[in-house]
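A structural walkthrough
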Amino acid sequence: LETQIMQTEKLAVIGRLAAGISHEIKNPLAAISQTAFSLKRKAIRNANNLKDSVIEASERIERNINRATEIINRLLNFSKPFYSKLEIVNLKDLLEEAIKLALIKEYDVKIIKNLQDINILADKNALLQVFINIIINAIEATNYKGEIIIKNYKENNNAVISIKDNGVGIPEDIVDKIFEPFFTTKEKGTGLGLSVSYRIIKDHSGIIKVNSKVGEGTEFLIILPLEVEKNEL
Ligand code: ADP
Ligand code: MG
């Protein structure tokens, strides 16, 4: 039954996404269709100034195709978070930025940082999104009033980022599901944060691990190869 409910929720979310996109795309499509139709009528009637009409109509069609393309690109960027825009990223700076962006309100959350200057080659915006997703989850897990320890260090040939909260923890029977798209235990959750993060880290040849205990808290470990830096430069 639980899987059935989950499935229904997934479909509902997909439905909402599709509804939003098709709604937005309908406008430019209607404009294109209407422009083409009226141009055809003018051509059949052999109307005056047909040349001007063709130019005007072409420009209108171009504008609306561009708008539709923008809308589709937004959706693609949303579901395809990795753009292979590799650059040297300072993990300390990026984690500082993610903390700022995740703390949108003055929560009672205490953030303890132990950050080192470690550079890796990464897609900066994609990685920033991962850190934000995991920090926001940590904040939510402590009901906005816990303690979060964020640190990074080198281990073997990897850069390790640890984000640890003292929140509710993850029950053993769902820990395998948390990276699935649309899996959420939250009333207003999307269940997309961790699946997107998983994909981004995988695209960086890294891994995400989770250690959790109900009632004690959760630690997310992001392990990224330092080697990429040497290979690519
Ligand atoms: P969402 O936050 O929208 O629910 P996510 O993909 O970010 O989606 O997370 C999926 C689920 O994983 C959450 O609903 C929650 O059950 C669990 N989870 C993620 N991070 C934590 C955490 N730090 N502590 C406890 N549970 C977590
Ligand atoms: Mg989340």
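Residues numbered from 1 in each chain as written. Chains lettered and ligands numbered in written order. Predicted model: local features only at pLDDT ≥ 70, side-chain atom pairs only at ≥ 80, totals over all residues. Heavy atoms only, no water.

Digging into the nonpolar core
By size, the foremost hydrophobic cluster in this structure holds 42 residues, and its most contacted members are Leu127, Phe131, Ile150 and Ile222. Listed by contribution, the elements that provide at least two residues to this core are α3 (91–102), β3 (119–123), α4 (124–141), β4 (147–155), β5 (158–165), α5 (193–203) and β7 (217–225). Ranked by residue count, the leading element in this core is α4, at 10 residues. When neighbours within four sequence positions are excluded, leucine 127 is seen to be in contact with Leu91, Leu94, Ile120, Ala122, Ile200, Ile201 and Leu224. (Core = buried A, V, L, I, M, F, W, Y, C linked by side-chain atoms within 4.5 Å. Buried < 20%, exposed > 50% of the residue type's maximum accessible area, 1.4 Å probe, protein only. Helix = DSSP H or I, 4+ residues; strand = E, 2+ residues; numbered from the N terminus. Contact = heavy atoms within 4.5 Å.)

What to know about the pairing of β7
The buried count for β7 comes to nine of nine residues, which makes it a mostly enclosed element. Sheet topology places β5 next to β7; eight bridges connect them, and they run antiparallel. Residue serine 162 lies in a different strand from β7, and its bridge partner there is leucine 221. Sheet analysis places strand β6 (residues 207–213) next to β7, joined by seven bridges and oriented antiparallel. Each bridged residue has a counterpart across the sheet, and for lysine 209 the counterpart in β7 is leucine 221. Linkage of β6 to β7, two consecutive antiparallel strands, is achieved through a turn of three residues, within which glycine 215 is found at a positive phi near 85°. (Pairing = 2+ DSSP bridges.)

Here we look at the side chain of serine 197
Examined against the element boundaries, serine 197 turns out to sit in helix α5. A polar contact of 2.7 Å, which involves the side chain of serine 197, links it to the backbone oxygen of glycine 193. (Polar contact = N/O pair within 3.5 Å; in protein donor to acceptor, adjacent residues only side chain to side chain.)

Here's the deal with the sheet that holds β4
Strand order in the open sheet made by the five strands is β2-β4-β5-β7-β6, with mixed pairing throughout. Looking at the sheet topology across the chains shown, the edges are occupied by β2 (110–114) and β6. The sheet shows a mean angle of 15° between the axes of neighbouring strands, direction not considered. Relative to β5, β4 is paired through eight bridges, and the arrangement is antiparallel. Paired with lysine 154 across the strands is alanine 159, a residue of β5. (Axes fitted to C-alpha atoms, helices over the stretch in contact; angles between N-to-C directions.)

A few points about the confidence of the model for the protein chain
Predicted confidence across the protein chain gives a mean pLDDT of 85, with 82% of residues reaching 70 or more. Long-range and interchain partners of residues 229–233, a stretch whose pLDDT sits below 50, account for seven contacts in this model, where long-range means more than four residues apart. Across the interfaces of the predicted complex, the ipTM metric reaches 0.99, alongside a pTM of 0.70. (pLDDT = per-residue confidence, 0-100.)

Digging into unusual backbone geometry
Unusually for a residue other than glycine, asparagine 49 sits at a positive phi of about 50°. Relative to the assigned elements, asparagine 49 resides in the loop between α1 (2–45) and α2 (50–79). Classification of asparagine 49 by relative accessible area gives exposed; the value is 56%. The backbone of phenylalanine 182 sits at a positive phi, close to 70°, despite the residue not being glycine. Inspection of the secondary structure assignment puts phenylalanine 182 in the loop between β5 and α5.

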